[in-house]
Amino acid sequence: MSEKNEQRDRIRSLVKEILDGVPADLVKAGEYPVRVPVYSLTEQSEKQYDRDESAKSLLTEGDFRGLEDGSRIRIAENAKLTPLAADIVKEMNLVLVKKEPRDASLKVSSVGIGSDHGGFDVKRQLISYLGDLGLKVRDFGTDSAEAADYPDFAHLVGEAVSNGTVDVGIVIDGAGIGSAMAAGKVPGVRPAACYNPALARNSRQHNGANVLTLGSGQNSIDQIKEIVSAFLMHEITEPRHKRRVDKIDAIERQYRK
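No experiment lies behind these values; they were computed from the predicted model shown. (Residues numbered from 1 in each chain as written. Predicted model: local features only at pLDDT ≥ 70, side-chain atom pairs only at ≥ 80, totals over all residues. Heavy atoms only, no water.)

Novice: Whenever I open this one, the packing of helix 7 (residues 197–205) against helix 8 (residues 221–232) confuses me. Can you help?
Specialist: Running from N to C, helix 7 and helix 8 cross one another at 20°; their axes reach a closest spacing of 8 Å. Taken together, the axes of helix 7 and helix 8 are roughly parallel relative to one another. At the point where helix 7 passes helix 8, the crossing takes the right-handed sense. On helix 8, the residues touching Pro197, Ala200, Arg201, Ser203 and Arg204 of helix 7 are Glu226, Ile227, Ala230 and Phe231. (Axes fitted to C-alpha atoms, helices over the stretch in contact; angles between N-to-C directions. Helix = DSSP H or I, 4+ residues; strand = E, 2+ residues; numbered from the N terminus. Parallel < 35°, antiparallel > 145°, perpendicular 65-115°, else oblique. Left-handed = near helix turned anticlockwise from the far one by under 90°. Contact = heavy atoms within 4.5 Å.)

What follows is the structure, encoded as structure tokens:
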């Protein structure tokens, strides 16, 4: 009975906290807001973290911005912190709650990466990110922000994947579409242009994609890192998906005769 009373008191306290947060100009004498966004009270009372950053493999100082001292942050089991982020965690006494992932290990050991001028800056940042993950990275260019043609670099990356020089490839241009078209002309390459982690994960688990193409103008660098992480941490395993990918490869072989 005591336990029920305590739970009721917690719920009352949460309700009061929510109502106290309603702006005064919304509540006139004898009137109440038509709709107040109230989230699950049970979820709030049982929540074990203040922010969820578990989709990221590398956490920077920006991921801890706006938190109060002693806050709890949910992170991936194998997440890494930049030195500055680690200092902030220590100074603010932040508590890192590790998520128990279903499958959060890297499925590749080497990556070939390339871009045109539009993706050059993103490529430069991704090379550092991939290195922090412990991957071997081979850079196929371009080497500056001067105008360059994306098919040239998509071809080089695709060729490296096809001949086994690298496990998978990443190509960045303005939208990611042209590079996917170019890389897909190389035998054995299955490129996927992805704009969110769900697509990247699906492209690997369902389609056996081995080249990821990205649009530098479509996502922020943090979003791109999450997409890359999802691509690298999943692979095709289900027999039904492998059978369908075999059919894709069979179509290619038909036209190579």
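And the narrative resumes.
Novice: How do you make sense of helix 7 when you look at a structure like this?
Specialist: Residue pairs three or four apart in sequence face the same way in an α-helix, which turns once every 3.6 residues. Along helix 7, the positions that sit buried rather than exposed are Ala200, Ser203 and Arg204. For helix 7, the buried positions fall inside an angular range of 95° around the axis, keeping them on one side. Where helix 7 is buried, its residues touch strand 8 (168–173), strand 9 (191–193) and helix 8. Two or three places before Ala198, at the opening of helix 7, Asn196 has a side-chain oxygen 3.1 Å from that residue's backbone nitrogen. (Buried < 20%, exposed > 50% of the residue type's maximum accessible area, 1.4 Å probe, protein only. Arc of directions from axis to C-beta. Polar contact = N/O pair within 3.5 Å; in protein donor to acceptor, adjacent residues only side chain to side chain.)

Novice: Would you take a moment to explain the packing of aromatic side chains for this structure?
Specialist: For any pair of aromatic rings, the description rests on two quantities: the centre-to-centre distance and the angle between the ring planes. If you walk through the whole model with that rule in mind, you get zero aromatic pairs. The positively charged end of Arg204 is found above the aromatic ring belonging to Phe231, 5.1 Å away from the centroid. (Phe/Tyr/Trp six-rings, centres within 6.5 Å; stacked < 30°, edge-to-face > 60°. Lys NZ or Arg CZ within 6 Å of the ring centre and 35° of its normal.)

Novice: What is the right way to read a nonpolar patch on the surface from this model?
Specialist: A grouping of Ile177, Met181, Tyr195 and Leu199 is seen on the molecular surface, where their side chains present a nonpolar patch of about 380 Å² in accessible area. In this fold, Ile177 is placed in helix 6 (residues 177–183). (Patch = residues over 30% accessible without salt bridge, like charges linked within 9 Å, V, L, I, M, F, W, Y side chains within 5 Å. Areas by Shrake-Rupley, 256 points an atom, 1.4 Å probe, with all protein chains shown as cover. Salt bridge = Lys/Arg side-chain N within 4 Å of Asp/Glu carboxyl O.)

Novice: Which parts of the structure should I look at to understand the pairing of strand 7 (residues 136–139)?
Specialist: Each regular strand displays side chains that alternate between the two surfaces of the sheet. Sheet topology note: the strand 6 (residues 110–115)/strand 7 ladder contains four bridges and is parallel. Each bridged residue has a counterpart across the sheet, and for Ile113 the counterpart in strand 7 is Asp139. Handedness of the β-α-β unit built from strand 6, helix 4 (residues 120–132) and strand 7 comes out right-handed. (Pairing = 2+ DSSP bridges. Right-handed = clockwise from strand over helix to strand, strands pointing away.)

Novice: Before we go on, may I ask you to explain the pairing of strand 10 (residues 211–215) in this structure?
Specialist: For strand 10, a buried count of five out of five residues is recorded, marking the element as mostly surrounded by other parts of the structure. Here strand 10 shows a buried face lined by Val211, Thr213 and Gly215 and a second buried face lined by Leu212 and Leu214. Sheet topology note: the strand 8/strand 10 ladder contains five bridges and is parallel. Bridge assignment links Asp173 to a residue of strand 10, and that residue is Gly215. Bridge analysis of strand 9 against strand 10 gives three bridges, and the strand direction is parallel. Bridge pairing in strand 10 links Ala192 to Leu212.

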